[in-house]
Structures are given as C-alpha cells and as structure tokens.
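Close look at the chain arrangement
Take a look at the letters that make up each chain.
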Amino acid sequence: MFSKIIPIIIAYFLGSIPSAYLIAKNKGIDITSRVENGRLGTASVSRNVGKFAGALVGIMDFCKGALSIIIADRMSGGEGWVMVLAGAAAIIGHNWSIFLHFMGGKGAATTFGNLFYLLPIPFLLAGFITAVPSYFLKQKSRFSIPGKNKDFKTSDFLTSILFLLTFIFALFFEAPLIIAFSPIIFSVPIILKKN
C-alpha cells in the first residue's frame, strides 16, 4: 500500500513546482503581482513576460503531468487507479501550489501531460478534431449558442469538448475503465479552479 500512496504524494509536490513563477522571476518579474485572478500559467506569463517564456511554462507544466503518472506507473506496477489519482494530485498541486500559498494555474497543460501519457491515441485524435474549430475561433474569446442567453469562453468550451472526446475515444479503444474516465476525473480540479 505504501508504494501506492507515495507516488500520489510525490505527484502533488511535483505539480506544485511553480513553473510560471520561476520562469517569470528569472526574467526579474514577480508574476504574482501581475495577475488579478490568481491564475499563474502559460497565458499570464505570455502576457506579462513574453511568448517564449509562456511556451516554456506550458512545456514544463505538460511535463509535470506526464512525469507524475510515469512515476506512479513505475512505483505501483501499472495500477490504473494510482496513476489516475497521481494525475489528479499533480493538477491539484499545480492549481493550488503549496509553494505559492495555494495560488496556481488552471491546470490545462498539466492535464494534457497526464492524458498524453495515459491515453495517447484518444487524446491526440481528440486534439486533432478540436484543433479545427480552435483555429477558426481563435480570434473570438467568447461566443453565444443560438437560443441561449449565455456567453461561453471559447477556450473553456473547446477544452471541455477535448476532454469529452478523449473519454469517448478511450471507451472506443477499450482502455481500462478507470483510465477511460480519467479525462472526466481530471476536469474536476479545473472546474473547481474556475469557480
């Protein structure tokens, strides 16, 4: 049991590494004083430090997600529930970092790293499908669905579609059930961060 709990704890601390803060600080900028919503991630660093720095943050956050599950995979002997919980712990660590007084990002890049390791083919297929509307909607930050009086943030809507399609493809490719449900499980800390 010890070998199954430890990787989840490691994943939280790995996810908590504040890549946005560290990269911005390396450029002499305290990113925590530049964001109003307390969300430190790729977008906030891109806006305040530069696109290259933002891309580095995205890569680091992606790697945190993948690495957390690789460690859980190796330590638990491939136990699906341990890998999924480790992935969720990494997202929680990223969103509420113990090193930044529980500030953090939205968790998207870390989640993408999780899904790329756990469900590479379903995730890449879903990513390819959502890339098309993403390209056409990139200039539109919000949109309304006809007949509804509610605006949707484009990036949130497309991310939700990406997770849903990854889940559907995972079922189609007969991934183990706990792994197939991982996109749904990983979406919970992302939704909580937005509220």
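See above for the structure.
First, a word on scope: everything that follows refers to the structure included in this document. Model, not experiment: these values are computed from the prediction.

Cut-off values and rules
- Residue numbers run consecutively from 1 along every chain, following the written order of its sequence.
- Reporting of local features is limited, given that this is a predicted model, to residues whose pLDDT is at least 70; pairs of side-chain atoms are given and counted only at 80 or more, and all residues count toward the totals for whole chains, interfaces and linings.
- Processing note: side-chain calculations cover all non-hydrogen atoms of the structure and skip hydrogens and water entirely.
- A helix here means a DSSP run of H or I that spans at least four residues, while a strand means a run of E at least two residues long, and both kinds are numbered starting from the N terminus.
- When accessible area is computed with a 1.4 Å probe and restricted to protein chains, residues below 20% of their type maximum are described as buried, those above 50% as exposed, and intermediate ones as partly exposed.
- For this analysis, a polar contact is any N or O atom pair within 3.5 Å, provided that within protein one partner can donate a hydrogen and the other can accept it, and provided that sequence-adjacent residues contribute only side-chain to side-chain pairs.
- A contact between two residues is defined here by any heavy atoms of the two lying within 4.5 Å.
- For patch building, the residue pool is restricted to those with more than 30% relative accessible area and no salt bridge; the joining distance is 9 Å between like charges and 5 Å between nonpolar side chains (Val, Leu, Ile, Met, Phe, Trp, Tyr).
- Accessibility throughout is a Shrake-Rupley quantity obtained with a 1.4 Å probe, and a residue counts as covered only by protein chains that appear here.
- Think of a salt bridge as a Lys or Arg side-chain nitrogen and an Asp or Glu carboxyl oxygen that are within 4 Å of each other.
- Side-chain rings of Phe, Tyr and Trp, where Trp is taken by its six-membered ring, are said to pair if the distance between their centres is within 6.5 Å; with planes under 30 degrees apart they count as stacked, over 60 as edge-to-face, and otherwise as tilted.

Quick look at the side chain of N95 now. Relative to the assigned elements, N95 resides in helix α5 (residues 80–95). The exposure class of N95 is buried, given its relative accessible area of 0%. Separated by 3.1 Å, the side chain of N95 and the backbone nitrogen of G107 make a polar contact. Excluding residues within four positions of it along the chain, N95 makes contact with F102, M103, G104, G105, K106, G107, P189, I190 and K193.

Taken together, the side chains of M1, I5, I9, F13, I17, L22, W81, L85, I98, F99, F102 and I178 define a hydrophobic patch exposed on the protein surface, amounting to about 1100 Å² of accessible area. Elements that contribute at least two residues to the nonpolar patch include exactly α1 (2–16) and α5. For the nonpolar patch, the leading source of residues is α1, giving three residues. Relative to the helices and strands, F13 is located in helix α1. Residue classification places F13 among the partly exposed residues on the basis of a relative accessible area of 38%.

Turning to the packing of aromatic side chains, a few remarks are in order. Taken as a whole and judged by the stated rule, the model has seven aromatic pairs. Their ring planes at 40° and their centres at 5.8 Å tell us that F112 and F123 sit as a pair that is tilted. Taken together, the residues F112 in helix α6 (residues 108–118) and F123 in helix α7 (residues 120–137) connect sequence positions eleven residues apart. With a relative accessible area of 9%, F123 lands in the buried category. On the numbers, 5.3 Å between centres and 85° between planes, the contact of F172 with F173 is edge-to-face. With a relative accessible area of 63%, F172 lands in the exposed category. According to the relative accessible area criterion, F173 is partly exposed, its value standing at 42%. Three or more aromatic residues joined by ring pairs make a cluster, and in this case those are Y12, F13 and F99.

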